[in-house]
Amino acid sequence: MIKIEGKTVILNGNIFTFQNTVLDAVSIEQKLLVVFQPDNADNSKNNLYCYDLNKKMIWRIQEPSTDIAGTVRFPYIGLCVQAAQQAVVDFYGRRFTFNIESGEITGKDIVR
């Protein structure tokens, strides 16, 4: 079970403390996926990170191609895990699927 408290995620008794506020977190395939509250930095739109259970960062979500995301980008606000597919959702309801091993964006659809 995951519990989020500001900048801290508690997963099965393991405490992960971060510098930024956590918006959402999911544990899947021995990994912790974390969406952080965006800051004012230019790269804050790529605010999904993946950590192993030893608290080591594995990857940061990659910039989606303009073929998938278009030219307008927004920070991510949540995660969606359904069956064998995981996705991150942005402020405008676009759901981006990604590769759990690399953080590469693989597709997009619209959440209704």
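Numbering of residues begins from 1 in every chain and follows the order in which that chain's sequence is written. Only residues with pLDDT of at least 70 are given local features in this predicted model, and only at 80 or more are side-chain atom pairs given and counted; all residues enter the totals for whole chains, interfaces and linings. Processing note: side-chain calculations cover all non-hydrogen atoms of the structure and skip hydrogens and water entirely.

(A) Main features of the overall build of the protein chain. Secondary structure is summarised from DSSP: a helix means a run of H or I of at least four residues, a strand means a run of E of at least two, and numbering begins at the N terminus for each. The helix and strand tally for the protein chain stands at one helix and 11 strands. Listing each helix as α and each strand as β along the protein chain from the N terminus yields β-β-β-β-β-β-β-α-β-β-β-β. Each of the 112 residues in the protein chain was classed as buried or not, and the buried ones make up 42%. Pairs of residues are marked as contacts when any of their non-hydrogen atoms sit within 4.5 Å. Taking all contacts inside the protein chain whose residues are at least 6 apart in sequence as the whole, residues at least 24 apart take part in 30%. Distance between charge centroids for the protein chain: 3 Å, based on 12 positive and 12 negative side chains. Remark: exposure states derive from per-residue accessible area (1.4 Å probe, protein chains only) relative to the maximum for the residue type, with buried under 20%, exposed over 50%, and partly exposed in between. Positive residues here are Lys and Arg, negative ones are Asp and Glu, while His and the chain termini are left out of the count. Think of each charge as sitting on NZ of Lys, CZ of Arg, CG of Asp or CD of Glu.

(B) Layout of the sheet that holds strand 5 (residues 31–36). We treat two strands as partners when DSSP finds at least two bridges between them. Taken in spatial order, the four strands of this open sheet run 4-5-6-7, and their pairing is antiparallel. The strands lining the two open edges of the sheet, one partner per strand, are strand 4 (22–28) and strand 7 (57–60). When strand polarity is set aside, the average angle formed by the axes of neighbouring strands in this sheet is 20°. Fitted lines through C-alpha atoms give the axes, limited to the stretch in contact for helices. The angle between two N-to-C directions lies from 0 to 180 degrees.

(C) Looking closely at the sheet that holds strand 1 (residues 2–5). Spatial ordering of the open sheet is given by 1-2-3, a layout of three strands whose pairing is antiparallel. Two strands close off the open sheet at either side, each with one partner strand: strand 1 and strand 3 (14–17). On average, each strand axis in the sheet is inclined to that of its neighbour by 20°, with strand direction left out of account. Pairing analysis gives four bridges linking strand 2 (residues 8–11) to strand 3, with the strands arranged antiparallel. Note that in strand 3 the partner of Val 9 across the bridge is Phe 16.

(D) Spotlight on the packing of aromatic side chains. Here the aromatic set is Phe, Tyr and Trp, taking the six-membered ring for Trp, and pairing holds for ring centres within 6.5 Å; pairs whose planes are under 30 degrees apart are stacked, those over 60 apart are edge-to-face, and all others are tilted. A complete count under the given rule lists nine aromatic pairs for this structure. Seen in terms of ring centroids, Phe 16 and Phe 18 are 6.5 Å apart; in terms of plane orientation they differ by 15°. Their pairing is stacked. Ring plane angle 70° and centroid distance 5.7 Å describe the contact between Trp 59 and Phe 98, whose orientation is recorded as edge-to-face. Of this pair, Trp 59 sits in strand 7 while Phe 98 sits in strand 10 (residues 94–98), and the two are 39 residues apart along the sequence.

(E) Spatial organisation of the nonpolar core. In this structure, Leu 33, Leu 48, Ile 61, Leu 79, Val 88 and Phe 98 are the most contacted members of the largest nonpolar core, which totals 16 residues. Among the secondary structure elements, those contributing two or more residues to this core are strand 4, strand 5, strand 6 (48–52), strand 8 (76–82) and strand 10. Those residues in contact with Leu 48, other than ones at most four positions away along the chain, are Leu 33, Val 34, Val 35, Trp 59, Arg 60, Ile 61, Leu 79, Val 88 and Phe 98. What is meant by a nonpolar core is a set of buried Ala, Val, Leu, Ile, Met, Phe, Trp, Tyr and Cys residues, joined one to another through side-chain atoms within 4.5 Å. Core analysis: the next-biggest nonpolar cluster, separate from the first, contains 11 residues, Val 22, Leu 32, Phe 36 and Tyr 49 among them.

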